[in-house]
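# Results of the structural survey
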Amino acid sequence: MDLLAVFDEKNYEDTTTVLERYAVRGIIRRSAKTQIDDSAQTVRQDFCIAMQRGKNGEYKIPGGGQETGETYLETLAREIHEETGFRIKPECTRELGEMLEVRRDIFEPTRKYICHSLFYYCEVEEGQDELQLTASEIEQGYELKWVTPEEICRCNLALQLEPWMMRDTAFVRMLADRTVVLPN
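Below, the structure is looked at part by part. (Residues numbered from 1 in each chain as written. Predicted model: local features only at pLDDT ≥ 70, side-chain atom pairs only at ≥ 80, totals over all residues. Heavy atoms only, no water.)

Turning our attention to unusual backbone geometry. For lysine 10, which is not glycine, the phi dihedral falls at a positive 50°. Along the polypeptide, lysine 10 turns up in the loop between β1 (3-8) and β2 (17-27). Although it is not a glycine, arginine 178 sits at a positive phi angle of roughly 65°. Residue classification places arginine 178 among the partly exposed residues on the basis of a relative accessible area of 42%. (Helix = DSSP H or I, 4+ residues; strand = E, 2+ residues; numbered from the N terminus. Buried < 20%, exposed > 50% of the residue type's maximum accessible area, 1.4 Å probe, protein only.)

Its location among the elements puts glutamate 13 in the loop between β1 and β2. Along the backbone, glutamate 13 and threonine 110 are 97 residues apart, and their C-alpha atoms lie at a distance of 9.4 Å.

Moving on, we come to the pattern of salt bridges. The final tally for this structure, using the stated rule, is 14 salt bridges. One salt bridge connects arginine 78 with glutamate 70, and the closest N-O pair in it is separated by 2.6 Å. In this structure glutamate 70 comes out as buried when scored by relative accessible area, which is 16%. The residue aspartate 129 makes a salt bridge to arginine 87 at a minimum N-O spacing of 3.1 Å. Of this pair, aspartate 129 sits in the loop between β8 (111-121) and α2 (135-139) while arginine 87 is found in the loop between α1 (72-84) and β7 (94-104), placing the two residues 42 residues apart along the sequence. (Salt bridge = Lys/Arg side-chain N within 4 Å of Asp/Glu carboxyl O.)

What follows covers the side chain of lysine 60. With respect to the element layout, lysine 60 can be found in strand β5 (residues 59-60). Among the residues examined, lysine 60 registers a relative accessible area of 12% and is labelled buried. Ignoring anything within four residues of it in the chain, the contact list for lysine 60 reads Met51, Gln52, Glu83, Tyr142, Trp164 and Asp168. (Contact = heavy atoms within 4.5 Å.)

Attention now goes to the pairing of β7. Burial within β7 is extensive, with 8 of its 11 residues counted as buried. Where β1 and β7 come together, 5 bridges link them in parallel fashion. Directly across from alanine 5, in β7, lies its bridge partner methionine 99. If you look at the hairpin formed by β7 and β8, you'll find 6 residues sitting between the two strands. (Pairing = 2+ DSSP bridges.)

Our next topic: the sheet that holds strand β6 (residues 63-65). Reading across from one edge, β1-β7-β8-β2-β6 is the order of the 5 strands in this open sheet, with mixed pairing throughout. Each of the sheet's edge strands pairs with one partner strand only, and the pair in question is β1 and β6. For this sheet, the mean angle separating the axes of adjacent strands, direction not counted, is 15°. Contacting β1, β2, β7 and β8, helix α4 (residues 163-176) runs over the sheet at an angle of about 150° to β7. (Axes fitted to C-alpha atoms, helices over the stretch in contact; angles between N-to-C directions.)

This is the structure:
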């Protein structure tokens, strides 16, 4: 998988242990509207993506950590189902890229935290099940929202509440400016 970005806070010089984590994140798209720009003679197809929206207004890409014994695809299927209620079509899943985060662990200051976030494009089956959120996700007020990349970036850049917001916002910006291109 291509490495798209590295976010290294370089604040872990005196750490004594390392926690390395792998997480998957799924991009589910739906078309929003078509805009015709006569002056540039172009047609632009806007789209929305499925996001978790917290009670503070922040947007998070659905996904999470790999559990023992799971493949990346199994993790992706489980996390997407829990956080969006959708079931992915595994045969239509495509790798989009990886982002790496390196920093001092926010829960254990003597530990260096390395997180590999693997992003995938997902097509989903018809229908939607009830969300199966964790206690933490319920406490954060997460709910499924369909949002344009521009709105996600605007909201997250204004808030910058958590370290992961920089990662998710950077990835969504890559979608918006077509640095990362979704399959047709």
